[in-house]
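# A closer look at the structure
The chain contents come next:
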Amino acid sequence: MGATLVIGAGIAGMQAALDIADAGFKVYLVERDPSIGGRMAQLDETFPTLDCSSCILTPKMVSVGGHPNIELLTYSEVVQLEGDVGDFRVKVRRRPRYIDADKCTACGICAENCRLKGRIDSEFNVGMGKRSAAYVPFPQAVPLKYTIDSERCLMVQRGKCGESPPCRNACPAGAVDFDQQEEIVDLQVDSVIVATGFDPFDPHLKPEYGYGLYDNVITGLQFERLSSASGPTYGEIKLNDREINDVVFIQCVGSRDRNLGNVYCSRVCCMYTAKQAHLVREKLPDARVTVFYMDIRAFGKGFEEFYDRVREERVQYRRGNPAEIHRRGDRLVVRAEDTLLGQPVEVEADLVVLAIGLVPRADTQALAELLGLSSCEDGFFQEAHPKFRPTETDVSGVFLAGCCQGPKDIPDAVAQGKAAAASAIVIMSRSGSALTPGEE
Amino acid sequence: MAAKVGVYICHCGINIAHTVDVEAVAQAAQDLANVTVSRDYIYMCSDPGQQLIQDDIRELGLNRVVVASCSPRMHELTFRRAVQEAGLNPYFLQIANIREQCSWVHGDRESATEKAQGIVSSAVARACLLQPLEERDVEITPAALVIGGGIAGLQAALDIADAGFKAYVVEKQATVGGHVAQLARTFPTLDNVQTLLAELVERAQAHPNIDVLTNSRVLEVDGFIGSFRVQVGSQPADSLPETTAELAVGAIIVATGFDVFDASLKPEFGYGAYENVITGLELEKRLMESEASNGASPLGDGAVKDVVFIQCVGSRDRTLGNAYCSRVCCMSTAKQAHLVRQELPDARITVFYMDVRAFGKGFEQFYDRVREERVLYRRGNPSEIYKRGDRLVARAEDTLLGKPVEVEADLVVLATGLVPRSDADEIGSLLKLSRSEDGFLMELHPKLGPVDTTTDGVFLAGCCQGPKDITDTIAQAKAAASSALIPLSVGKVRVESITCALDPLLCSGCGLCAEACIYSALALDERRNVMVANQVLCKGCGACSTACPSGAIVLNHFTPDQILAEVESVV
């Protein structure tokens, strides 16, 4: 039977899995987080068409979750890979959810009753909302099953949570099970697609911008949650009830920056900033909106047109890379050299949004060793040839898709996911092993 | 048989229940005509939720199901499968959208609850009148047509052929390779393009599953996904007449590429007037020839001391109607500046740019390297080039200095952009593809469907969809191959069940429906003078039924009585 392992269930991995499964082959889709969906699930609207991200993503997640040829292994990690193309043997570690997925109805009573309710930062809302130790990352999660965060749960960490854990006492389905153990699943596959994505740049590494010091300096990803109707403010641009009249966006934070060792361009920040500037204009019609940039890289379909539109919406683009942000009274001041005016400028702000770049995942090196891959100068996985073989690797039968190979936007990640799928389908077709549709 | 309807109200966690009193909605539904059972549940889409519906179908003999939940785009398929497993026709399911169209857009609980009740009652009224529909599959001819023999077309053909299917590559020119055959070196790795291209071409030409038809063009395309019939005209030499052949294929990949912007449309740059104003491609040609002839300088013997590159020629230019960025010129200019620097170590090299778009892997590093090689980047868009004595002068505003500058040059290289092919309309109408605002062929969805189109079985690869570099073109070509390999591998494809139904007794053959149909699913049967609907091409959009003046066409699943029942229950 032909099968492919896809590592990572963001948009690239999901698309690769769907194409392979739709072509009649088996897919094991391994995702480290409790839900599939990846970064795209966190986004508000997409550039330049302003489609609602989760509205176009979640139907795809449902298709993946319900596909007869896709076996989802969420909350799981690949720990070993042996063998060769056509016969890879893989070990996957399934972490215990401490909740029996067969019994869980996602009623949420465990989270309601968790002793740590409202005390753990929500990763999905990038710290701008709270969750319990028993949680689903977001309401449209697939699979829609609760997970007990073993790193935070008092019962798991200390073996004790009051007299007895309230989540277990409250669960009407009897699904909470602290005796669950980690499990190792053995798989045999013909090919492997790596779609592990990226990490957002940590803006603490640019202390001059005061991230973490000033609560109204936020990242682009946090802005997405702030602007999202499903986010912590239900889509209102507000922070701690402060009135927002001036918004400053700073591009290239963590990108094109030799001092940090991130020489490369992150490819998406120019356009997501333009989109966010547009969203601010939409929601705060009278705000002053300023964007500091180095070059505007509006290179995709409809991008230049969108950039033009945003400028016509009274968003001021100033060419220059701010040197620092400091506080003056209760406002922030962004200091930069405007390179078109050739003089220093100061712009006051109530909200500063840092367009943080995309960096290689922290575990890239470990995964590279596990899979026998190499990484390139900028730290992302190295493809077989930068021009003619962008989704292949030096390991026959192992392919790359999406941002693990380098920053890219959604359509380019989707195209690469499909490209990697084509290579996997070729391998499985040769071994003559297509499933009949619907057969497992 | 009387309708026995089951109504299921989903809480969607708190997504619906927070704003809508779901229990009250379920209770109200209980009193509606034909409702046998009405329940609410925290997540109808979960396994236990679906089980609830299936048990009721089996135990209570339900023959219609209404699920009041999220948009049908989310879970209609999920619930259709669920009712089908329990023995009902999947089209006996009706979704009432009380999330996107109610709880998510209202704040007041009382009026939102009232509205949800209205939505549910109209869904019940409609459900009672639903008719069973048949699910249909069509067979797939195990072969693909690839239009265009550039790198996109060749790569797509190779993936399809490697997976065991026949691929026909139809190329207008006498040779394959497309525009890439005119390039010297790649950016940013400076590989010899022709060596890399030759590998691709040789693999394609030697592949037993690939037929390359050069000097050929697609004349006509008939049919639909799974069984296209394609007329291909071939003319091996000008003196010979064109011969035609018919190909039968299951899928089509369009990889027709781009045209290079015609620099003479920017007369202020003097292209055509001054012989030392050349395009980037012309420079590539000189560089290639010099490389082939081993050493002869591509730029003359010491005559060239100042070289000026001008970016964005024909791109980002509203006055020309080309508002878009051509995506490759910044980097090909950086590469050419580097190659010129190698040829002419002492030349002054200036690049005029608007923004430098070095966004790909290794691009920024390469751009940095080129600047370190004493290539002067000046931000500004030259307004004109004129001749002073035997030299050229580029006049521009340097926007960083904030003042006008003049730069003398012996050679000016114009980074001409990529524009849609002049025959894009022709190919578009052959395959019923539309074009985006910028004139390139339009993909199904700008984010999630970058290689699919509104015509099932027809996919896009490479620059016909928009400018892109070699890397992105190869990825897209493989992506298009993947889309084509899905029906080819499975051997059949499920087509839309919700299609139009035409009553020939009422039809006068006026053809208004055919004008409204963007899928070309309607044609006139001249013998009977009535329209005929192709049930495979029809996507069930309903445009025809609204266009028909005599009410001869109805859209199955959205019949007038079904829609009126929905409306009447809420007015």
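Residues numbered from 1 in each chain as written. Chains lettered and ligands numbered in written order. Predicted model: local features only at pLDDT ≥ 70, side-chain atom pairs only at ≥ 80, totals over all residues. Heavy atoms only, no water.

Time to look at the overall build of chain A. Scanning chain A for helices and strands turns up ten helices and 22 strands. Each of the three principal axes of chain A carries a C-alpha extent, and together these read 65 × 60 × 35 Å. The buried share among the 440 residues of chain A stands at 64%. For chain A, restricting intrachain contacts to residue pairs at least 6 apart in sequence, the fraction spanning at least 24 positions comes to 67%. (Helix = DSSP H or I, 4+ residues; strand = E, 2+ residues; numbered from the N terminus. Buried < 20%, exposed > 50% of the residue type's maximum accessible area, 1.4 Å probe, protein only. Contact = heavy atoms within 4.5 Å.)

Another point: the packing of helix α10 (residues 410-430) of chain A against helix α12 (residues 470-490) of chain B. For the pair α10(A) and α12(B), the least separation of the axes is 7 Å and the interaxial angle reads 55°. Considering their axes alone, α10(A) and α12(B) lie oblique with respect to each other. The two elements α10(A) and α12(B) meet at a crossing, and its hand is left-handed. Here D412(A), A415(A), Q416(A), K418(A), A419(A), A421(A), A422(A), S423(A) and I425(A) of α10(A) lie close against α12(B), whose contacting residues are D472(B), A475(B), Q476(B), K478(B), A479(B), S482(B), S483(B), L485(B) and S489(B). Residue classes in the contact of α10(A) with α12(B) are distributed as eight nonpolar, six polar and four charged. (Axes fitted to C-alpha atoms, helices over the stretch in contact; angles between N-to-C directions. Parallel < 35°, antiparallel > 145°, perpendicular 65-115°, else oblique. Left-handed = near helix turned anticlockwise from the far one by under 90°. Nonpolar A, V, L, I, M, F, W, Y, C, P; charged D, E, K, R; others polar.)

Accessible area lost upon the coming together of the parts is a frequently used measure of interface size. If you look at the interface, chain A gives 76 residues, while chain B gives 76 residues. Considering only the side of chain A, the residues that lose the most area to chain B are K301(A), K387(A) and F388(A), jointly responsible for 14% of the buried surface there. Across the contact surface, chain A and chain B share eleven salt bridges. Between D308(A) and R318(B) there is a salt bridge whose closest N-O contact spans 2.7 Å. One can count 32 residue pairs in polar contact (both at pLDDT 80 or more) joining chain A with chain B. (Buried area = accessible area lost by both parts, 1.4 Å probe. Salt bridge = Lys/Arg side-chain N within 4 Å of Asp/Glu carboxyl O. Polar contact = N/O pair within 3.5 Å; in protein donor to acceptor, adjacent residues only side chain to side chain.)

This part covers the domain arrangement of chain A. Residue and element names in this part refer to chain A. Domain annotation of chain A identifies domain 1 (3-95 + 182-197 + 361-429), domain 2 (109-170) and domain 3 (201-358). Here the C-alpha centre of domain 3 lies 31 Å away from the C-alpha centre of domain 1. Contacts between the two partners involve 17 residues from domain 1 and, on the opposite side, 23 residues from domain 3. Of the roughly 1,600 Å² buried between domain 1 and domain 3 on both sides combined, carbon and sulfur atoms contribute 67%. There are one salt bridge connecting domain 1 and domain 3. Remark: the boundary between domain 1 and domain 3 carries five residue pairs in polar contact (both at pLDDT 80 or more). (Domains from an automatic or database assignment.)

This part covers empty space enclosed by the protein. Evaluated as defined, the whole model comprises nine cavities of 30 Å³ or more. Reported here for the largest cavity is a volume of approximately 240 Å³. Contributing to the lining of the largest cavity are 21 residues, with R267(A), Q405(A), G360(B), K361(B) and T471(B) lying nearest its centre. For the lining of the largest cavity, the residue count by class is eight nonpolar, five polar and eight charged. (1 Å grid on protein atoms, 1.4 Å probe; cavity = no way out; pocket = protein on both sides within 12 Å on 5 of 7 lines; lining within 4 Å. Points joined across faces, edges and corners; volume = space filled by probe spheres on them.)

We now examine the sheet that holds strand β12 (residues 251-254) of chain B. Residue and element names in this part refer to chain B. Read across the sheet, five strands follow the order β8-β7-β6-β12-β23 without closing on themselves; strand pairing throughout is parallel. Strands at the two margins of the open sheet, each flanked by one partner only, are β8 (210-213) and β23 (458-460). This sheet shows a mean twist of 20° between the axes of neighbouring strands, independent of strand direction. Bridging between strand β6 (residues 143-147) and strand β7 (residues 166-170) involves five bridges; their strand directions are parallel. Bridge pairing in β7 places I147 opposite V170. (Pairing = 2+ DSSP bridges.)

Now for the pairing of strand β17 (residues 375-379) of chain B. Residues and elements named next belong to chain B. Within β17, four of the five residues are buried, which leaves the element mostly enclosed by the surrounding structure. Strand direction decides the pairing type here: strand β16 (residues 348-353) and β17, joined by five bridges, are parallel. Across the sheet, I349 pairs through a bridge with V375, a residue of β17. For the crossover that starts at β16, traverses helix α10 (residues 363-372) and ends in the parallel β17, the hand is right-handed. (Right-handed = clockwise from strand over helix to strand, strands pointing away.)

Once that is clear, we can look at the environment of E337(A). All names here are of chain A. Relative to the assigned elements, E337 resides in strand β18 (residues 331-338). A sequence separation of 180 residues divides E337 from Q157, and the C-alpha atoms of the two residues are 51 Å apart. The contact partners of E337, leaving out residues within four places of it in the chain, are R319, G320, N321, G342, Q343 and P344.

So, on to the sheet that holds strand β10 (residues 227-234) of chain B. All names here are of chain B. Strand order in the open sheet formed by three strands is β9-β10-β11, and the pairing between neighbours is antiparallel. Edge positions in the sheet fall to β9 (216-224) and β11 (243-249), since each has one partner strand and no second. For this sheet the average axis-to-axis angle between neighbouring strands, irrespective of direction, equals 20°. Sheet topology places β9 next to β10; eight bridges connect them, and they run antiparallel. Bridge pairing in β10 links G223 to F228.

Attention now moves to unusual backbone geometry. Across the junction of V142(A) and P143(A), the peptide omega takes the value 0°, indicating a cis bond. Within the secondary structure, P143(A) sits in the loop between β8 (134-135) and β9 (147-148). The peptide bond linking F187(B) to P188(B) adopts the cis configuration, its omega dihedral lying at -10°. With respect to the helices, strands and loops of the structure, P188(B) is situated in the loop between β7 and α7 (193-206). With a phi close to 55°, Y75(A) is a non-glycine residue in the positive phi region.

Another aspect to go through is the pattern of salt bridges. Considering all chains together, one arrives at 77 salt bridges over all chains under this definition. Put simply, R258(A) and D368(B) hold a salt bridge, and the shortest N to O gap is 2.8 Å. Placement of the pair is R258(A) in the loop between β14 (246-253) and α7 (269-283) and D368(B) in helix α10, with the two residues belonging to separate chains. In this structure, E289(B) and K285(B) form a salt bridge, with 3.9 Å as the shortest nitrogen-oxygen distance. A residue pair is termed a helical-turn pair when its members lie 3 or 4 positions apart in one helix, as E289(B) and K285(B) do in helix α8 (residues 280-292) at four residues. Through salt bridges with shared partners, a single network forms among D246(A), R288(A), E324(A), R328(A), R331(A), R335(A), E346(A), E348(A) and D350(A).

An α-helical turn contains 3.6 residues, so any two residues separated by three or four positions project in the same direction. Residue and element names in this part refer to chain B. Counted at 1.5 Å a residue, the expected span for α7 with its 14 residues is 20 Å, and the 20 Å between its end C-alpha atoms agrees. Residues of α7 that are buried: V193, L196, L197, L200, V201 and A204. Summarising the axial view, the buried residues of α7 lie within an arc of 130°, below the 170-degree limit, and thus occupy one face. Relative to its buried face, α7 has exposed residues pointing more than 90 degrees away, namely E199, E202, Q205 and A206. Lining the buried residues of α7 we find α6 (151-162) and β8. For α7, the side-chain oxygen to backbone nitrogen distance between the N-cap and Q194 is 2.9 Å, and the N-cap itself is N192. (Expected span 1.5 Å × (residues − 1). Arc of directions from axis to C-beta.)

Mean pLDDT for chain A: 95, with 98% of residues reaching 70 or above. Across residues 435-440 of chain A the pLDDT falls below 50, and counting only partners more than four positions away or on other chains, this stretch makes 14 contacts in the model. (pLDDT = per-residue confidence, 0-100.)

The next point concerns the packing of aromatic side chains. For any pair of aromatic rings, geometry is given as the distance between the ring centres together with the angle between the planes. What the rule picks out here adds up to 14 aromatic pairs over all chains. Ring geometry for Y264(A) and F380(A): centres 5.4 Å apart, planes at 80°, overall edge-to-face. Of this pair, Y264(A) sits in the loop between β14 and α7 while F380(A) sits in the loop between α9 (364-371) and β22 (398-400), and the two are 116 residues apart along the sequence. For the pair Y264(A) and F380(A), one class covers both residues: buried. An aromatic cluster of three or more residues is present, and its members are F47(A), F299(A), F303(A), F187(B), F359(B) and F363(B). Across the ring face of F558(B), the terminal group of R126(B) is positioned such that the distance to the ring centre comes to 4.7 Å. (Phe/Tyr/Trp six-rings, centres within 6.5 Å; stacked < 30°, edge-to-face > 60°. Lys NZ or Arg CZ within 6 Å of the ring centre and 35° of its normal.)

To continue, consider the environment of S436(B). Its place among the elements puts S436(B) in the loop between α11 (424-431) and β23. Between the alpha carbons of S436(B) and G466(B) there is a distance of 9.3 Å; along the sequence they are 30 residues apart. Excluding its chain neighbours within four sequence positions, the residues that come into contact with S436(B) are K301(A), L441(B) and M442(B).

Residue and element names in this part refer to chain B. Its domain assignment divides chain B into domain 1 (5-127), domain 2 (143-258 + 420-493), domain 3 (267-413) and domain 4 (500-555). Using only C-alpha atoms to locate each centre, domain 2 and domain 4 end up separated by 32 Å. When domain 2 packs against domain 4, close to 490 Å² is buried across both sides, 69% of that on carbon and sulfur atoms. Per-residue buried area on domain 2 facing domain 4 is highest for F224, K432 and T454; these three make up 79% of the total on that side. Run the count over domain 2 and domain 4 and you get one salt bridge. D456 is paired through a salt bridge with K539; the nearest N and O atoms lie 3.4 Å apart. Our count for the contact surface shared by domain 2 and domain 4 stands at one residue pair in polar contact (both at pLDDT 80 or more).

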